[in-house]
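Overview (structure and organization)
Letter by letter, the chains look like this.
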Amino acid sequence: NMDMYKFSKNTCLRTNTHRQAGFAELILFLFLSCASFASEITITVRSENGNLKTTLLPEGGLDYGKTLSTEKKTFSMKIENGLSEDISIGLWRSPCPCLDFKNIPENIKAGGKAEAHAILDGTGYEGQFSKYMILPITTESFGETKLFIPVNFDIVNENSSENVIISSQIKKDQEFSAPVF
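Conventions and cut-offs
Residues numbered from 1 in each chain as written. Predicted model: local features only at pLDDT ≥ 70, side-chain atom pairs only at ≥ 80, totals over all residues. Heavy atoms only, no water. Pairing = 2+ DSSP bridges. Helix = DSSP H or I, 4+ residues; strand = E, 2+ residues; numbered from the N terminus. Disulfide = S-S within 2.5 Å. Buried < 20%, exposed > 50% of the residue type's maximum accessible area, 1.4 Å probe, protein only. Salt bridge = Lys/Arg side-chain N within 4 Å of Asp/Glu carboxyl O. Contact = heavy atoms within 4.5 Å. Core = buried A, V, L, I, M, F, W, Y, C linked by side-chain atoms within 4.5 Å.

Observations concerning the pairing of strand E9 (residues 127-139)
- Note: strand E5 (residues 87-89) against E9, two bridges, orientation antiparallel. Among the inter-strand pairings, Ile-89 is bridged to a residue of E9, identified as Ile-137.
- In this antiparallel pair of consecutive strands, E9 and strand E10 (residues 143-156), the connection spans three residues.

Quick look at the pairing of strand E2 (residues 51-57)
- Summarising the sheet, strand E1 (residues 40-48) and E2 pair through seven bridges and their orientation is antiparallel. Considered in E2, the bridge of Val-45 is made with Thr-54.
- Counted along the chain from E1 to the antiparallel partner E2, the turn is two residues long, and its residue Asn-49 has a positive phi close to 55 degrees.

Details of the state of the cysteines
- Tallied over the full model, the rule gives one disulfide.
- Shown here is the disulfide that connects Cys-96 with Cys-98, its sulfur atoms set 2.2 Å apart. Residues Cys-96 and Cys-98 are joined through a disulfide that is right-handed, its torsion about the S-S bond being 125 degrees. Each member of the pair, Cys-96 as well as Cys-98, carries the same accessibility label: buried.

Quick look at the sheet that holds E9
- Taken together, five strands build an open sheet; the order of strands is E3-E10-E9-E5-E7 and the sheet is mixed. Looking at strand neighbours, the two that pair on one side only are strand E3 (62-68) and strand E7 (107-108), the edges of this open sheet.
- By the bridge criterion, two bridges tie E5 to E7 in an arrangement that is antiparallel. Bridge pairing in E7 links Ser-88 to Asn-107.

Side note on unusual backbone geometry
- Following Leu-57, the chain continues into Pro-58 via a peptide bond in cis, with omega recorded as -10 degrees.
- Positionally, Pro-58 belongs in the loop between E2 and E3.
- For Asn-49, which is not a glycine, the phi torsion comes out positive at approximately 55 degrees.
- The exposure class of Asn-49 is exposed, given its relative accessible area of 74%.

Examining the pattern of salt bridges
- Considering all chains together, one arrives at five salt bridges under this definition.
- In this structure, the salt-bridge partner of Asp-154 is Lys-66, at a minimum N-O distance of 2.7 Å. In this pair, Asp-154 sits in strand E10 while Lys-66 sits in strand E3, placing the two residues 88 residues apart along the sequence.
- On the basis of relative accessible area, Lys-66 is assigned to the partly exposed category, the value being 36%.
- Asp-86 is the partner of Lys-109 in a salt bridge, and the nearest nitrogen-oxygen pair spans 4.0 Å. Remark: Asp-86 occurs in the loop between strand E4 (72-81) and E5 and Lys-109 occurs in the loop between E7 and strand E8 (113-121); sequence separation between them is 23 residues.

Points about the environment of Asp-63
- Within the fold, Asp-63 resides in strand E3.
- Judged by its relative accessible area of 35%, Asp-63 is partly exposed.
- Taking the C-alpha atoms as reference, Asp-63 lies 6.0 Å from Phe-153; in sequence the two are 90 residues apart.
- With sequence-adjacent residues up to four places away left out, Asp-63 is seen in contact with Phe-75 and Asn-152.

Quick look at the nonpolar core
- Counting residues in hydrophobic clusters, the biggest one holds 31 residues, and the most contacted among them are Ile-43, Leu-62, Met-77, Trp-92, Met-133 and Ile-149.
- Element by element, the count of residues in this core is highest for E10, at five residues.
- In this view, Trp-92 contacts Met-77, Ile-79, Phe-101, Ile-104, Pro-105, Ala-116, Met-133 and Leu-135; residues no more than four positions away in its chain are not counted.

Listed below in structure tokens is the structure:
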């Protein structure tokens, strides 16, 4: 009987350990899922081998994911000037009238940083969109370069029967906020 008890106790301990491991994996999955839908991008302008170089992180650009047609989502766009001269940013061109910009900088001093906001308003739209936003950047030494920023989103109608589950999941996702590192 004692051997049976030890076996049962070990099995119980092993089951609890597996539950804890499963819980940890679930938390990690949720964190990584939310982290992949970052709400900001960083654009860096610098010189590399005598040429003007722009980088975009994450490379996927503005990925709003699924958005209800009744809501607005905002992306923060951080721009870092890694040059020893000022940069000018030309006309911000939106690929869709549903995308608006706020606090857009026209110039950024050498070594400076700025932040703009891209606001998606899904009102009156439905479906998947995948386009590019063009951001012209000019310097005195290098001239002009155009940065093509991917813009992706899927606007769903809250009243659609197939989107009832999606809309409740979007609302749940918005209630959960993962730490930003």
